[in-house]
Amino acid sequence: MAEDSIRLVPITKPAQISRRFHVDASRLEAVAQKYPMRITEHYLSLIEEPDDPIWRQCIPSVDELSGAGGTEDPLAEERDCPVPWMVHRYPDRVLMRVSNQCATYCRFCTRKREVGDVRKFVSQNAIMRQIEYIRAHPEVRDVILSGGDPLMLSDRMLDTILSGLRSIPHLEIIRIGTRIPCTLPERVTENLCRTLKRYHPLYMNIHFNHPREINDASARACGLLADAGIPLGSQTVLLKNVNDSPKVMRELVQKLLRIRVKPYYLFQMDDVTGGQHFKTRVETGLAILKEIIGHTSGLAVPHFVVDTPGGGGKVPILPNFIEELGRDKIVLRNYQDLKFEYSQPSGKAPIPIQVTTGKIGRHLAN
Ligand SMILES: *Cc1c(COP(=O)(O)O)cnc(C)c1O
Ligand code: SF4
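Source: prediction; values computed, not measured.

**Concerning the site of ligand 2**
The environment of ligand 2 is made up of C102, Y105, C106, C109, G148, R179 and H207. Taken together, the residues of the shell around ligand 2 sort by class into four nonpolar, two polar and one charged.

**What about the nonpolar core?**
Formed by 80 residues in total, the largest nonpolar core has its most connected members in I17, M96, I134 and L165. For this core, the domains that each give at least three residues are domain 1 (14–66) and domain 2 (78–317). Judged by nonpolar contacts, the second largest core, of eight residues, contains C106, F108, V237 and M269.

**Looking at the state of the cysteines**
Counting across every chain of the model gives zero disulfides. Between C222, a free cysteine, and C182, which holds the nearest cysteine sulfur, the sulfur-to-sulfur gap is 8.8 Å. Using a relative accessible area of 0% as the deciding quantity, one classes C222 as buried.

**Examining helix α1 (residues 14–21)**
Among the residues of α1, P14, I17, S18 and F21 are the ones counted as buried. All buried residues of α1 lie within an arc of 100° about the axis, which places them on one face of the element. Those residues of α1 that are buried lie in contact with α2 (29–34), α3 (41–44) and α4 (53–58). Looking one or two residues past α1, H22 carries a phi angle of roughly 55°, positive in sign.

**Considering the pairing of strand β3 (residues 142–146)**
Counting buried residues in β3 gives four out of five residues, a clear majority hidden from the surface. Pairing of strand β2 (residues 93–97) with β3 involves five bridges; the strand directions are parallel. Looking across to β3, one finds that V94 is bridged to V143. At this point the chain moves from β2, through helix α6 (residues 124–135), to the parallel β3, and the crossover so formed is right-handed. In this structure, β3 lies alongside strand β4 (residues 173–178), joined through four bridges in parallel fashion.

**Some thoughts on the site of ligand 1**
Neighbouring ligand 1 are V87, Y90, R93, L95, I144, R175, Y264, Y265 and K314. Here Y264 contributes a side-chain N or O atom positioned 2.6 Å from an oxygen atom of ligand 1. Contact between ligand 1 and K314: an oxygen atom at 3.1 Å from a side-chain N or O atom of the residue. Relative to its unbound accessible surface of 390 Å², ligand 1 loses 89% to contact with the protein. Elements represented by at least two residues in the shell around ligand 1 include exactly β2 and β7 (261–267). Looking at the shell around ligand 1, its residues break down into six nonpolar, no polar and three charged.

**Section: the packing of aromatic side chains**
This structure, assessed with the given rule, holds four aromatic pairs. Ring centres of F21 and W55 lie 5.3 Å apart, and the angle between their planes is 80°; this geometry places the pair in the edge-to-face category. In this pair, F21 sits in helix α1 while W55 sits in helix α4, placing the two residues 34 residues apart along the sequence. Note on accessibility: F21 and W55 belong to one class, buried. Connected via pairs of aromatic rings, a cluster forms that spans Y264, Y265 and F267. The ring of Y90 has R93 lying over it, and the distance from NZ or CZ to the ring centre is 4.1 Å. Note that K112 overlies the ring of Y35, its terminal NZ or CZ placed 4.2 Å from the centroid.

Rules behind the numbers
- Residues numbered from 1 in each chain as written.
- Chains lettered and ligands numbered in written order.
- Predicted model: local features only at pLDDT ≥ 70, side-chain atom pairs only at ≥ 80, totals over all residues.
- Heavy atoms only, no water.
- Near = heavy atom within 4 Å.
- Nonpolar A, V, L, I, M, F, W, Y, C, P; charged D, E, K, R; others polar.
- Core = buried A, V, L, I, M, F, W, Y, C linked by side-chain atoms within 4.5 Å.
- Buried < 20%, exposed > 50% of the residue type's maximum accessible area, 1.4 Å probe, protein only.
- Domains from an automatic or database assignment.
- Disulfide = S-S within 2.5 Å.
- Helix = DSSP H or I, 4+ residues; strand = E, 2+ residues; numbered from the N terminus.
- Arc of directions from axis to C-beta.
- Contact = heavy atoms within 4.5 Å.
- Pairing = 2+ DSSP bridges.
- Right-handed = clockwise from strand over helix to strand, strands pointing away.
- Polar contact = N/O pair within 3.5 Å; in protein donor to acceptor, adjacent residues only side chain to side chain.
- Areas by Shrake-Rupley, 256 points an atom, 1.4 Å probe, with all protein chains shown as cover.
- Phe/Tyr/Trp six-rings, centres within 6.5 Å; stacked < 30°, edge-to-face > 60°.
- Lys NZ or Arg CZ within 6 Å of the ring centre and 35° of its normal.

Laid out in structure tokens, this is it:
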């Protein structure tokens, strides 16, 4: 086997699910026609029984076709594309889509409109145009390689992209967003790590959603990446009947730290067509945070964010720990729900904290 190509033998047909789990998956054929199915042997092996938290993430469901609501492009990414596949939404950073393939397709994916669609292949030319866009825009100091999954590309292609990016003097940091250490951990090889470590400062955010995704194989992959000096963060999507309980989420964040991954973001599920059955109420996420903050290491606490429909970007939300914010003192509630006071020095508040009626975002304005 060539060092930089791991042979993928993914499971792509509902009939394979029928055989493997002795269930009738024939109703899922139509779903997989619309939204492709692909599951690695490793990820499939984590399923313990039908409809468990791993199953729900990767096996098609008829709810994908029947659930009304949501939009194809909930974050309005296509509107913020200065060149094809690149999303430039924030002042100093951009998101590149370098592949529309993933090792395992998540049924709740925000980019269901394009991932796995063979007609929407990202060409090498399209990648080069994105790199040239960054070269022409000195305000961009941070780039995120996303997709699909960037680690679906060969080591050689990654090397070409990373060296192109590193030839841009104003680009300070490079980030890779990937689910490979979780779904196809054997893709993380010595050679991949040797390639990546030549392009520091390089950060990686890994998509993990459930404690069962953390095992010897994913721990080995993360260990290799961390040993290559890559700071590892996690991105987790809050999903109904997958990880929407404080107990599961606390176990996940603690296990992540043990494999050297710092919880970064916990995402409210995007309002995507075909993913409505995964949505939870925002209060669920707040309740989870309430049971993590203070109860376990601050290192384990992710930012809980809603990526706003219509392209407003990510907005962080926190449970309320402020009981009263007064002129002379602030009254706080700690993790045990006990009240404590802190006396404020006299003087004017530098930033008046008040509820304002902000301008209505583009999404609501039209
Ligand atoms: C999430 C995201 C980023 C990165 O956001 P950070 O808060 O810096 O991690 C950049 N661009 C787009 C379009 C994004 O969706
Ligand atoms: S790994 Fe990310 S891009 Fe790929 S299917 Fe899952 S959520 Fe979508």
